[in-house]
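Take a look at the letters that make up each chain.
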Amino acid sequence: MKKVLLLLMMIAIFYFSQTPGLLVLDPSTWVHSGEFRDGVDIASILKPGGTFYLPYHPGIDAEFVTRKIAHFSFFGLLSLLFLWNLKGRLRYVLAWLFTALYAFTDEIHQAFTVGRDGRILDVMVDSAGALLFLLIATSIRYIRRT
């Protein structure tokens, strides 16, 4: 069951990343078939000076804030699901690394989708969410031991 929940979370993130024109505050935009951009490849996405490395567009509104909270939360939960599926002393580190790697590949995937763009800043938001959720899990585990 633990592996199924992890897989379902990864599929949900993939699905929402592939939804063109997704607006978190408008559920009617959540269900669409993905459309890929023409002429886009990994080299064009990751080229120095490309949009992948640009800051966010000016104009922070409720949609922007909600989207970043969603990034933070979804990837925080993903890190806990990775943690739940791992064993050993390095499982917290591995859970964070796997989540950060998935965040990176998800942003690349998003850059291929019409009406979406991938940003390294989103990878950082996702990784920060994972780190915070894992630190909270570590704290709870420590408190329970004492």
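Quick caveat: nothing in here was measured; it's all calculated off a predicted structure.

**Side note on the overall build of the chain**
Thinking step 1. Along the backbone of the chain there are five helices and zero strands.
Thinking step 2. The secondary structure elements of the chain, listed N-terminal to C-terminal, are α-α-α-α-α.
Thinking step 3. For the chain, whose C-alpha radius of gyration is 16 Å, the value lies close to the compact-globule estimate of 15 Å for 146 residues.
Thinking step 4. Along the longest, intermediate and shortest principal axes, the C-alpha atoms of the chain span 55 × 35 × 30 Å.
Thinking step 5. For the chain, buried positions account for 36% of its 146 residues.
Thinking step 6. Separation between the mean location of the 14 positive side-chain charges and that of the 11 negative ones in the chain comes to 19 Å.

**Quick notes on the side chain of Ser17**
Thinking step 1. Looking at the element boundaries, Ser17 is found in helix α1 (residues 2-17).
Thinking step 2. In this view, Ser17 contacts Asp106, His109, Gln110, Thr113 and Arg116; residues no more than four positions away in its chain are not counted.

**Topic: a nonpolar patch on the surface**
Thinking step 1. On the surface, Met1, Val4, Leu5, Leu7, Leu8, Ile11 and Trp84 cluster together into a nonpolar patch covering about 710 Å² of accessible area.
Thinking step 2. Per element, the largest residue contribution to the nonpolar patch is five residues, and it comes from α1.
Thinking step 3. Mapped onto the fold, Val4 is located in helix α1.

**Structural notes on the confidence of the model for the chain**
Thinking step 1. Taken as a whole, the chain shows an average pLDDT of 91; of its residues, 100% reach a score of 70 or greater.
Thinking step 2. Averaged over each element, pLDDT in the chain is lowest for helix α2 (residues 42-46) (89) and highest for helix α4 (residues 91-111) (96).

**Thoughts on the packing of aromatic side chains**
Thinking step 1. Counted under the stated rule, the structure contains nine aromatic pairs.
Thinking step 2. With 5.4 Å between their ring centres and 70° between their planes, Tyr15 and Phe16 make a pair best called edge-to-face.
Thinking step 3. Residue Tyr15 is classed as partly exposed on the basis of its relative accessible area, which comes to 32%.
Thinking step 4. Arranged with centres 6.1 Å apart and planes meeting at 80°, the rings of Phe16 and Trp30 form a pair that is edge-to-face. Taken together, the residues span a long stretch of sequence, with Phe16 in helix α1 and Trp30 in the loop between α1 and α2 at a distance of 14 residues.
Thinking step 5. Cluster of aromatic residues (ring-pair linked, three or more members): Tyr15, Phe16, Trp30 and Phe74.

**Notes on the pattern of salt bridges**
Thinking step 1. Throughout the structure, instances matching the rule amount to three salt bridges.
Thinking step 2. With a shortest N-O distance of 3.3 Å, Glu63 and Arg67 are connected by a salt bridge. Placement of the pair is Glu63 and Arg67 together in helix α3 (residues 62-85), with a separation of four residues, close to one helical turn.
Thinking step 3. Ionic pairing is found between Asp122 and Lys68, a salt bridge with its closest N-O pair at 2.7 Å. Placement of the pair is Asp122 in helix α5 (residues 120-145) and Lys68 in helix α3, with a sequence separation of 54 residues. Lys68 matches Asp122 in its accessibility class, with the two residues each being buried.

**Things to note about the environment of Thr66**
Thinking step 1. In this structure, Thr66 sits in helix α3.
Thinking step 2. Between the alpha carbons of Thr66 and Leu23 there is a distance of 9.3 Å; along the sequence they are 43 residues apart.
Thinking step 3. Once residues within four sequence positions are removed from consideration, Thr66 is found in contact with Val24 and Leu25.

Criteria and cut-off values
Residues numbered from 1 in each chain as written. Predicted model: local features only at pLDDT ≥ 70, side-chain atom pairs only at ≥ 80, totals over all residues. Heavy atoms only, no water. Helix = DSSP H or I, 4+ residues; strand = E, 2+ residues; numbered from the N terminus. Rg over C-alpha atoms; globule rule 2.2 N^0.38 Å. Buried < 20%, exposed > 50% of the residue type's maximum accessible area, 1.4 Å probe, protein only. Lys, Arg positive; Asp, Glu negative; His and termini not counted. Charge placed at Lys NZ, Arg CZ, Asp CG, Glu CD. Contact = heavy atoms within 4.5 Å. Patch = residues over 30% accessible without salt bridge, like charges linked within 9 Å, V, L, I, M, F, W, Y side chains within 5 Å. Areas by Shrake-Rupley, 256 points an atom, 1.4 Å probe, with all protein chains shown as cover. Salt bridge = Lys/Arg side-chain N within 4 Å of Asp/Glu carboxyl O. pLDDT = per-residue confidence, 0-100. Phe/Tyr/Trp six-rings, centres within 6.5 Å; stacked < 30°, edge-to-face > 60°.

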